[in-house]
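Structure at a glance
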Amino acid sequence: MNPTTEQAPVLPEARRVPAQEGAKAPASRGRKGRGSKPAGQSFRSRLRRDKQMLLMMVPGIAFLLLFFYIPILGNVIAFQDYQPYLGIGDSLWVGWQNFVDLFANPDFIHAFWNTLYLAAWQLVFLFPVPLVLALIVDSLVSTRVRRIFQSIAYLPHFLSWVLVIAFFQQMLGGAGFVNNMLRGWGLDPVPFMTNPETFPLLVVVQMVWKDAGWAMIIFLAALASIDASLYEAAAADGAGRWRRMWHITLPGLRPVIVLLLILRIGDILSVGFEQFILQRDAVGAGAAEVLDTFTYYTGVVGGGWSSGAAAGLAKGVVSALLIYGANKLAHRFGEDGIFARKAR
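Residues numbered from 1 in each chain as written. Predicted model: local features only at pLDDT ≥ 70, side-chain atom pairs only at ≥ 80, totals over all residues. Heavy atoms only, no water.

Describing the overall build of the protein chain
To keep things clear, this is the line we draw: Helix and strand definitions follow DSSP, with helices as H or I runs of at least four residues and strands as E runs of at least two, each counted in order from the N terminus. Under the scheme applied here, a residue whose accessible area is under 20% of the maximum for its type counts as buried, over 50% as exposed, and between as partly exposed, the area being computed with a 1.4 Å probe on protein chains only. Note on contacts: a residue pair is in contact if any heavy atoms of the two residues lie within 4.5 Å. Method for areas: the Shrake-Rupley scheme with a 1.4 Å probe, in which residue coverage is limited to the protein chains shown.
When helices and strands are tallied, the protein chain shows 17 helices and two strands. Burial status across the protein chain gives 28% buried among its 344 residues. In the protein chain, the proportion of contacts linking residues at least 24 apart, taken out of those at least 6 apart, comes to 63%. Of the roughly 23800 Å² that the protein chain leaves accessible, carbon and sulfur atoms contribute 65%.

The following block contains the structure:
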């Protein structure tokens with residue numbers, strides 16, 4: 001043995017304590033999750049613990065009750081010959097007669113098909129615009145430029161439809177900026193705001209200008225949730241910008257796209273009330289009459305309260321069925337949709 005080599009001291013082996021049979025493992029002292037129910041805690045103590053959160057929910061619940069759920073009870077007049085001076089209790093019950101008369105009304109049929117036609121325009125041309133804007137904003141390198149672009153895109157959402165229509169009237173109306181320029185060049189003015197044939201395109205342009213920037217917030221939030229390491233790995237493998245967008249960005253956004261598409265399909269019969277009623281006289285009822293304006297002029301202006309309620313109730317039932325069908329279709333394609341399928 002080399003005398004210069006020092007031998008490491010041998011430490012005594014740790015004494016092992018044999019585990020007793022039937023002994024329980026020591027309880028974990030970790031803090032319980034907020035969602036877990038502590039053992040032995042009563043409902044009153046949990047109510048006292050969460051009273052601040054429950055109080056914060058009271059205004060929202062009261063708003064939903066007063067303006068959404070309680071007014072649903074008023075749909076009973078759709079099955080009555082409702083007379084305001086008699087009230088709901090004394091008005092005559094007519095059953096389904098209001099619905100029979102409604103679907104035999106050519107004005108209602110025209111408003112229904114016109115609503116679907118305008119909704120198709122909005123779905124095809126309006127729905128992809130927020131996604132494209134979100135991709136553009138996400139690709140901007142400068143944070144300052146990104147914030148400026150977002151602020152400019154958000155701003156029109158906070159304007160009322162009265163101001164939006166007035167702005168378009170000043171720009172595209174008969175005495176607007178564009179037609180004045182055409183006159184100055186010796187050209188004939190173009191009736192942008194009064195042409196029934198181009199009215200669907202005008203409606204889509206107005207909605208894109210007003211709400212596309214606000215709608216892209218959801219897509220920006222979904223883009224922020226995509227793992228950045230996926231882009232780094234794809235770039236290391238030689239994938240270009242378009243390849244990364246096609247194979248990483250769009251698949252990451254697919255659940256959000258499907259969810260928003262389902263909600264848009266369910267709301268397809270609500271193409272907008274203020275926007276159309278403000279321009280109805282300019283382009284005529286043949287181009288701007290939709291279910292919302294039909295309900296207003298039939299029920300409120302014309303005094304046909306029962307017919308208006310029947311039209312609104314029919315619209316709500318059809319919208320609910322569209323949401324249910326679109327959600328089922330999303331399940332067929334393997335997406336969760338609004339709510340996931342039950343596990344079998």
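So, the pattern of salt bridges
What counts, and what does not: Within this document, salt bridges are pairs made up of a side-chain nitrogen of Lys or Arg and a carboxyl oxygen of Asp or Glu, the two lying within 4 Å of each other.
The final tally for this structure, using the stated rule, is four salt bridges. A salt bridge links Asp211 to Lys210, with the nearest nitrogen and oxygen atoms 3.7 Å apart. Relative accessible area serves as the criterion here: at 23%, Asp211 is assigned to the partly exposed category. Ionic pairing is found between Lys315 and Asp292, a salt bridge with its closest N-O pair at 2.5 Å.

A word on the packing of helix α16 (residues 291–301) against helix α17 (residues 305–332)
A pair of packed helices is captured by two measures, namely the crossing angle of their axes and the spacing between those axes. Keep this limit in mind: Where helices are involved, their axes are fitted lines through C-alpha atoms of the stretch in contact, as for all axes, and angles between N-to-C directions lie from 0 to 180°. An angle counts as roughly parallel when it lies under 35 degrees, as roughly antiparallel when it exceeds 145, as roughly perpendicular when it falls between 65 and 115, and as oblique in every other case. By convention, the crossing between two helices is left-handed when the near helix turns anticlockwise from the far helix through less than a right angle, and right-handed when the turn is clockwise. All amino acids are sorted into three groups, where Ala, Val, Leu, Ile, Met, Phe, Trp, Tyr, Cys and Pro are nonpolar, Asp, Glu, Lys and Arg are charged, and the leftover types, Gly among them, are polar.
Between α16 and α17, the least distance of the axes is 7 Å, while the angle of their chain directions is 160°. By the criterion of interaxial angle, the relationship of α16 to α17 is roughly antiparallel. Both α16 and α17 take part in a crossing whose hand is left-handed. Between α16 and α17, the residues in contact are Leu291, Asp292, Phe294, Thr295, Thr298, Gly299 and Val300 and Trp305, Ser307, Gly308, Ala311, Gly312 and Lys315, respectively. Here the residues of the contact of α16 with α17 are counted per class, giving five nonpolar, six polar and two charged.

Things to note about the packing of aromatic side chains
Convention followed: Stacked, tilted and edge-to-face are the three classes assigned to paired rings of Phe, Tyr and Trp, where Trp is represented by its six-membered ring and a pair needs centres within 6.5 Å; plane angles under 30 degrees give stacked, over 60 edge-to-face, the rest tilted. Any Lys NZ or Arg CZ found within 6 Å of a ring centre and within 35 degrees of that ring's normal is scored as a charge over the ring.
Under the defined criterion, the tally for this structure stands at 18 aromatic pairs. Centre to centre, the rings of Phe273 and Tyr296 are 5.6 Å apart; their planes meet at 65°, and the pair counts as edge-to-face. Taken together, the residues Phe273 in the loop between α12 (241–266) and α13 (274–277) and Tyr296 in helix α16 connect sequence positions 23 residues apart. According to the relative accessible area criterion, Phe273 is partly exposed, its value standing at 30%. Classification of Tyr296 as partly exposed rests on a relative accessible area of 32%. A network of ring pairs unites the aromatic residues Phe63, Phe67 and Phe68 as a single cluster. The ring of Trp161 is capped by Lys210, whose NZ or CZ atom sits 5.3 Å from the centre of that ring. Seen from the ring of Tyr297, Arg280 lies directly overhead, with NZ or CZ sitting 4.1 Å from the centre.

A word on the side chain of Arg264
Looking at where Arg264 falls in the secondary structure, it is placed in helix α12. Judged by relative accessible area, which is 17%, Arg264 ranks as buried. If we skip the residues at most four places from it in the chain, Arg264 touches Gln122 and Leu123.

Things to note about α17
Filter applied, for reference: One less than the residue count of a helix, multiplied by 1.5 Å, gives the span that helix is expected to have.
Compared with the 40 Å implied by 1.5 Å per residue over 28 residues, the 41 Å span of α17 between its first and last C-alpha is a close match. When α17 is considered as a whole, its buried residues turn out to be Ser306, Gly308, Ala309, Ala310, Ala311, Ala314, Lys315, Ser319, Ala326, Asn327, Ala330 and His331. Its buried side turned inward, α17 meets β1 (80–81), α4 (97–103), α5 (106–125), α12 and α16. Looking at the residues trailing α17, positive phi occurs at Gly334, about 85°.

Re the nonpolar core
To be explicit about the condition: Working definition of a nonpolar core: buried Ala, Val, Leu, Ile, Met, Phe, Trp, Tyr and Cys residues. They are joined through side-chain atoms within 4.5 Å.
Leu102, Phe108, Phe168, Phe199, Leu202, Phe276 and Phe294 are the most contacted members of the largest nonpolar core, which totals 33 residues. In terms of residues, this core owes the most to one element, helix α8 (residues 161–172), which gives five residues. Among residues more than four places away in sequence, those in contact with Leu102 are Phe108, Phe294, Ser307, Ala310 and Ala311. Core analysis: the second largest hydrophobic core is formed by 21 residues, Ala134, Val137, Leu223 and Ile257 among them.

Focus on the environment of Val94
As for its position among the elements, Val94 is in the loop between β2 (92–93) and α4. With relative accessibility at 30%, the residue Val94 sits in the partly exposed group. In this structure, the C-alpha to C-alpha distance between Val94 and Ile77, residues 17 residues apart in sequence, is 9.6 Å. In this view, Val94 contacts Phe79, Gln80 and Asp81; residues no more than four positions away in its chain are not counted.

What about the packing of α5 against helix α10 (residues 199–224)?
Across the interface, α5 lies against α10 with an axial gap of 10 Å and an inter-helix angle of 45°. When the axes of α5 and α10 are compared, the pair comes out oblique. In the packing of α5 onto α10, the handedness of the crossing is right-handed. Contacts between α5 and α10 involve Tyr117, Leu118, Trp121, Gln122 and Phe125 from the first element and Pro200, Leu201, Val203, Val204 and Met207 from the second. Taken together, the residues that form the contact of α5 with α10 break down as nine nonpolar, one polar and no charged.

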